Amino acid sequence: SAELRAPPDKIAIIGAGIGGTSSAYYLRQKFGKDVKIDVFERQEVGGRLATLNVEGQDFEAGGSIIHPLNLHMKRFVKDLGLSTVPASGGLVGVYNGETLVFEESSWFIINMIKLVWHYGFQTLRMHMWVEDILDKFMRIYRYQSHDYAFSSVEKLLHAVGGDDFLGLLNHTLHETLQKAGFSEKFINEMVAPIMKVNYGQSTDLSAFVGAVSMTGADSGLWAVEGGNKVVCSRLLKASKGNLISGSVMFIEEKTRTKLTGNPTKMYEVVYQTGSETLSDFYDIVLVATPLNQKMSNITFLNFDPPIEEFDQSYQQIVTTLIKGELNSTVFSSRAKDQFGLSTVLVTDNSDLFINSIAIVSPVREEENPLPSTDGTYVWKIFSPDVLSKKQIMKYFLSYDYAVKKAWRAYPLYKPPQKCPSIILHDRLYYVNGIEFAASAMEMSAIAGYNAALLAYHRWNGNADMIDQDGLYEKLKTEL
Ligand SMILES: Cc1cc2nc3c(=O)[nH]c(=O)nc-3n(C[C@H](O)[C@H](O)[C@H](O)COP(=O)(O)OP(=O)(O)OC[C@H]3O[C@@H](n4cnc5c(N)ncnc54)[C@H](O)[C@@H]3O)c2cc1C
Ligand SMILES: CC(C)=CCC/C(C)=C/CC/C(C)=C/CSC[C@H](N)C(=O)O
């Protein structure tokens, strides 16, 4: 590597979600203690990791489940001294709008027999298909631990999984699984409901996000005790980032004369805090929030060439938490007390106005959810639109509490999928392009680390640490 240049004086990060706060954490590690890191947040630290309160208890309303092989999230929890809680369990059923087409049993062996009876060995084959992708995907951790960075999401994915991975971005999950010999029945009854609950979309999404979504049905899923958003506030603290509660409006490159007397190109970040408009200058800027459809309302002024507009849409998802008594007869003719399911997923049926319904545990309770003294649970519904009282009453005999939050949740995945650039300008980086491969907490953490490494290597002129090909072979023999 080339000789190190003096570190930058100031870095700005826009967005204090998991992408922005993990960037702050890794930028501090790379650039050292002297660089000033400002993190701008217009709402709450955590972003799409947030809780809703139901009668005194907090429940995850956005990003909830974390995979056991999500190594950045695992590392954060360990480094920050946090605790975890299990995030899966309970029996799952699949509803097609008329009847339950599949119902899990609490007996492992009965479950296996049921699955083989309905779908032959496709469940096992599916598991192997997903595992193969996850196995390759995990190479990224090795590359990152050796400090390698990528200048585009496509290059990152190519480095871990070759042309096959780019193929997963460019084809739908449906056609990929059809080609691999999976039946329509299996795709409709087992795969489509998982896409619906996780991404609110059909199996026409791209196969890469489809595979990520399937890993969300693995066992051993977990969450952070106290709420996943705690990771963000703790990362911010550990990185000694300076939180600025304000909304960034403009970014413009300007020439400034530093104390050393040298004219230097810097980015002016103009932001609004309360009724005041303020600005400051930075050597490096990381945008850690979606720029699509002007969601973040940031204007890039006077860039030549201009910074591209990102117009791919984001999918709306509404989270509704309801404390009440489920009307289980909608799903099954069994007596109320014989309905043992705690999650109902749905097939792709346009008549249904919900994507899923499930019993949820509060973020501070380690045990399985218990009914309150009146026999009711707290249920979480995902739906594409806000539910009316009449729609809620279709699924509940009675309810005494409902809270909701509408999200611009994740990209609408339409293959062939092109991911936005990571390098927007010389020292201006975009963390959230990775969401167009797949949106998940771990994906943002991977992107945060990558952006920190990329900014560091480009600052120091370490071209040999960026976009290296053949890394898998090269690192195979290294400890
Ligand atoms: C309902 C739902 C369920 C989900 N479930 C899961 C799950 O179970 N597991 C999983 O891994 N992932 C899940 N996800 C996805 C996951 O939550 C996201 O991928 C991840 O949280 C994105 O983090 P981020 O930091 O990239 O973006 P964000 O969390 O969106 O952070 C961006 C931040 O930037 C701020 N901001 C925007 N514009 C400006 C501005 N102009 N100035 C200052 N600040 C600004 C925003 O307020 C926000 O806080 C879910 C998402 C949703 C919506
Ligand atoms: C990035 C990798 C390899 C794995 C991530 C796996 C994962 C946790 C996927 C889920 C992603 C997601 C957007 C889930 C949304 S809904 C989650 C849950 N069912 C809920 O009830 O909140």
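Above: the structure in question.
Residues numbered from 1 in each chain as written. Chains lettered and ligands numbered in written order. Predicted model: local features only at pLDDT ≥ 70, side-chain atom pairs only at ≥ 80, totals over all residues. Heavy atoms only, no water.

### A few points about the nonpolar core
Part 1 of the argument: Membership of the largest hydrophobic core comes to 113 residues, with the highest contact counts inside it found for F76 and F208.
Part 2 of the argument: A per-element tally of this core places helix α12 (residues 441-460) first, with 13 residues.
Part 3 of the argument: Discounting chain neighbours no more than four positions away, the residues touching F76 are I18, S22, Y25, Y26, V231, L235 and A445.
Part 4 of the argument: Membership of the second largest hydrophobic core comes to 21 residues, among which are Y267, Y282, L291 and F300. (Core = buried A, V, L, I, M, F, W, Y, C linked by side-chain atoms within 4.5 Å. Buried < 20%, exposed > 50% of the residue type's maximum accessible area, 1.4 Å probe, protein only. Helix = DSSP H or I, 4+ residues; strand = E, 2+ residues; numbered from the N terminus. Contact = heavy atoms within 4.5 Å.)

### What to know about the sheet that holds strand β16 (residues 341-346)
Part 1 of the argument: Pairing is mixed across the open sheet formed by seven strands, whose spatial order is β7-β6-β16-β17-β18-β15-β19. For this open sheet the edge positions go to β7 (100-103) and β19 (396-411), each flanked by a neighbour on one side alone. In this sheet, adjacent strand axes meet at a mean angle of 20° when their direction is disregarded.
Part 2 of the argument: Its contacts with the sheet put helix α8 (residues 184-199) on β6 (91-95), β7, β15 (314-326), β16, β17 (356-359), β18 (377-383) and β19, and the angle it makes with β16 is roughly 100°. (Pairing = 2+ DSSP bridges. Axes fitted to C-alpha atoms, helices over the stretch in contact; angles between N-to-C directions.)

### Description of the pairing of β17
Part 1 of the argument: Side chains of β17 alternate between two faces, with S356 and A358 and I357 and I359 buried alike.
Part 2 of the argument: One ladder, built from three bridges, connects β16 with β17; its direction is antiparallel. Among the inter-strand pairings, T343 is bridged to a residue of β17, identified as A358.
Part 3 of the argument: For β17 and β18, the ladder comprises four bridges, and the chain directions are antiparallel. Each bridged residue has a counterpart across the sheet, and for I357 the counterpart in β18 is I381.

### Focus on the packing of aromatic side chains
Part 1 of the argument: According to the stated counting rule, one finds 25 aromatic pairs in the structure shown.
Part 2 of the argument: When the ring of Y26 is compared with that of Y449, the centres are 3.8 Å apart and the planes differ by 15°; the resulting orientation is stacked. On the criterion of sequence distance, the pair formed by Y26 in helix α1 (residues 18-31) and Y449 in helix α12 is long-range, its members being 423 residues apart.
Part 3 of the argument: Geometrically, the ring pair formed by Y267 and F303 is stacked, given 6.2 Å between the ring centres and 25° between the ring planes. Remark: F303 occurs in the loop between β14 (299-301) and β15 and Y267 occurs in strand β11 (residues 263-273); sequence separation between them is 36 residues. For the pair Y267 and F303, one class covers both residues: buried.
Part 4 of the argument: Cluster of aromatic residues (ring-pair linked, three or more members): Y95, F331, F339, F353 and Y395.
Part 5 of the argument: In this arrangement the basic side chain of K10 is found over the ring face of Y282, its NZ or CZ atom lying 5.0 Å from the centre.
Part 6 of the argument: A cation over a ring is seen here: K405 above W407, with NZ or CZ 4.8 Å from the ring centre. (Phe/Tyr/Trp six-rings, centres within 6.5 Å; stacked < 30°, edge-to-face > 60°. Lys NZ or Arg CZ within 6 Å of the ring centre and 35° of its normal.)

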